[in-house]
Amino acid sequence: MSAPAPAPGTARRDGAWSGRALLGLMIAETRKTLSTSAWWALLVPAGLLSLLVTLITAEAAGLAFTPSLAQALALGSFAAKFAVVFGVVSATSEYRHRTITTSYLTSPGRNQLLLAKVIVAAVAGVGYGVFCAVLGMLGMLLGGGTVSGGELATVLEVSATALLVFALWAVLGVGLGTLISNQLAAIVGVLVYLLLVEQIISGLASLSNLGRIDDYLPGGSATAALTGLAESGPFGGTFGGLVLPWWLALLIFAGYAAVAVLAGATSAQRRDVT
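Reading the values: rules and limits
Residues numbered from 1 in each chain as written. Predicted model: local features only at pLDDT ≥ 70, side-chain atom pairs only at ≥ 80, totals over all residues. Heavy atoms only, no water. Helix = DSSP H or I, 4+ residues; strand = E, 2+ residues; numbered from the N terminus. Expected span 1.5 Å × (residues − 1). Patch = residues over 30% accessible without salt bridge, like charges linked within 9 Å, V, L, I, M, F, W, Y side chains within 5 Å. Areas by Shrake-Rupley, 256 points an atom, 1.4 Å probe, with all protein chains shown as cover. Salt bridge = Lys/Arg side-chain N within 4 Å of Asp/Glu carboxyl O. Buried < 20%, exposed > 50% of the residue type's maximum accessible area, 1.4 Å probe, protein only. Phe/Tyr/Trp six-rings, centres within 6.5 Å; stacked < 30°, edge-to-face > 60°. Lys NZ or Arg CZ within 6 Å of the ring centre and 35° of its normal. Axes fitted to C-alpha atoms, helices over the stretch in contact; angles between N-to-C directions. Parallel < 35°, antiparallel > 145°, perpendicular 65-115°, else oblique. Left-handed = near helix turned anticlockwise from the far one by under 90°. Contact = heavy atoms within 4.5 Å. Nonpolar A, V, L, I, M, F, W, Y, C, P; charged D, E, K, R; others polar. Polar contact = N/O pair within 3.5 Å; in protein donor to acceptor, adjacent residues only side chain to side chain. 1 Å grid on protein atoms, 1.4 Å probe; cavity = no way out; pocket = protein on both sides within 12 Å on 5 of 7 lines; lining within 4 Å. Points joined across faces, edges and corners; volume = space filled by probe spheres on them. Core = buried A, V, L, I, M, F, W, Y, C linked by side-chain atoms within 4.5 Å.

Asks: Would you mind going over helix α6 (residues 149-180) in detail, with residue names and values included?
Replies: Counted at 1.5 Å a residue, the expected span for α6 with its 32 residues is 46 Å, and the 47 Å between its end C-alpha atoms agrees. Following α6 by one or two positions, S181 adopts a phi angle in the positive range, close to 70°.

In structure tokens form, the structure reads like this:
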């Protein structure tokens, strides 16, 4: 005897967390992403910004910016912000266009749908990182910078680590987008925090007994993971007074991304989308 069909308006649950179901959801999410212009509309300015930052620092050779530090700042302090916006957009688009109900009804479960979005966003984040890293190195060459020997190895290390940072930014964006669901509020909230609020928190902490806490905050830890790898010339490898080793800063940032996804998953389970 065949299994009874699910009740109208409900999704089948017997395939929950199956590899085939997850693969199908990932393919669907990839198609959704490529069907809009958001992915390249954010990718292009991110790459151009990376090129511009390294180009300017290479031309200003008298400043204390080695190629590896210039690459770290171009990717971590500037271009990576586009990756988190991409993650937010990929998570909130379905709420904005009111297709989230259909997605939930046709998927084995809300958590599995979120996992598919996270994986696709992470892969896209790696793609963002590759594109921006290549243009960053191109900017160095166009600016007359010399990258060879040990410095080239450091630039490549920074660029490789940036792929993880970009992926985590995209994942964090998916988590926050799922948590907030309103696209405009999520994008504005993320950017205001990164560009203003976190700077105020760091400034107030530096004036108090807390000291420098930048490396323990989301944006600061992501940047520290890259600048910590870079050779900082006259700064003696401690650009900006780095507190944490690069790998620990990366782990802290990964923790923020995980918390954002868990918070988004909890919110998605409780949210009424009918």
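Asks: Lay out a nonpolar patch on the surface in plain terms, naming residues and giving numbers.
Replies: On the surface, L184, V188, V192, L195, L196, V197, I200, I201 and L204 cluster together into a nonpolar patch covering about 800 Å² of accessible area. Note on placement: I200 falls in helix α7 (residues 183-207). The exposure class of I200 is partly exposed, given its relative accessible area of 45%.

Asks: I'd like a description of the packing of aromatic side chains, backed by residues and values.
Replies: How two aromatic rings sit relative to each other is set out by the distance from centre to centre and by the angle between their planes. Tallying each qualifying case throughout the model produces 2 aromatic pairs. Considering the side-chain rings of F86 and Y128, the 5.4 Å spacing of their centres and the 40° angle between planes classify their relative orientation as tilted. Here F86 is found in helix α3 (residues 67-96), whereas its partner Y128 is found in helix α5 (residues 110-142), with 42 residues between them in sequence. Like F86, the residue Y128 is buried in the burial classification. R110 extends its terminal NZ or CZ atom over the ring of Y104, reaching a point 4.4 Å from the ring centre.

Asks: Pulling in residues and values, what's your account of the packing of α6 against helix α9 (residues 246-270)?
Replies: At a closest axis distance of 7 Å, the pairing of α6 and α9 adopts a crossing angle of 25°. Relative to α9, α6 is oriented roughly parallel. Here α6 and α9 pass one another in a crossing that is left-handed. The residues of α9 that touch α6, namely those facing T161, L164, V165, L168, W169, V171, L172, G175, L176, T178 and L179, are W246, L250, F253, A254, Y256, A257, A260, V261, A263, G264, S267 and A268. Here the residues of the contact of α6 with α9 are counted per class, giving 18 nonpolar, 5 polar and no charged.

Asks: Please provide a residue-by-residue account of the side chain of T57, values included.
Replies: Structurally, T57 can be placed in helix α2 (residues 38-59). A distance of 3.0 Å separates a polar atom in the side chain of T57 from the backbone oxygen of V53. Here the side chain of T57 touches T54 through a polar contact of 3.0 Å, landing on its backbone oxygen. Beyond its immediate stretch of four places on either side in the chain, T57 contacts F65 and A70.

Asks: Mind laying out empty space enclosed by the protein, listing which residues take part and the relevant values?
Replies: Inspection of every chain in the model, using the stated rule, returns 1 cavity of 30 Å³ or more. In this structure, the largest cavity spans a volume of roughly 50 Å³. Lining the largest cavity are A91, Y95, I100, Y104, R110, L113, L114, K117 and T178. Top contributing element to the lining of the largest cavity by residue count: α5, with 4 residues. Here the residues of the lining of the largest cavity sort into 6 nonpolar, 1 polar and 2 charged.

Asks: So, the nonpolar core: which residues are in play, and what are the values?
Replies: Counting 52 residues, the largest nonpolar core has V165, F166 and W169 as the members making the most contacts within it. For this core, the secondary-structure elements that each account for two or more residues are α2, α3, α5, α6, α7, α8 (218-227) and α9. Those residues within four positions of W169 in sequence are excluded, and the remaining contacts are A80, A83, V84, L194, P218, G219, A222 and F253. In this structure, L25, Y104, L113 and A116 belong to the second largest nonpolar core, which totals 9 residues.

Asks: I'd like a description of the pattern of salt bridges, backed by residues and values.
Replies: Per the stated rule, a full pass over the model turns up 4 salt bridges. With a closest N to O distance of 3.0 Å, E29 and K117 form a salt bridge. With E29 in helix α1 (residues 19-34) and K117 in helix α5, this residue pair connects regions lying 88 residues apart in the sequence. Notably, a salt bridge pairs K32 with E94, separated by 2.9 Å at the nearest N-O pair. With a gap of 62 residues between them, K32 in helix α1 and E94 in helix α3 connect regions that are remote in the sequence. Assessed through its relative accessible area of 30%, K32 is described here as partly exposed. The network of salt bridges with shared partners includes E29, K32, E94 and K117.

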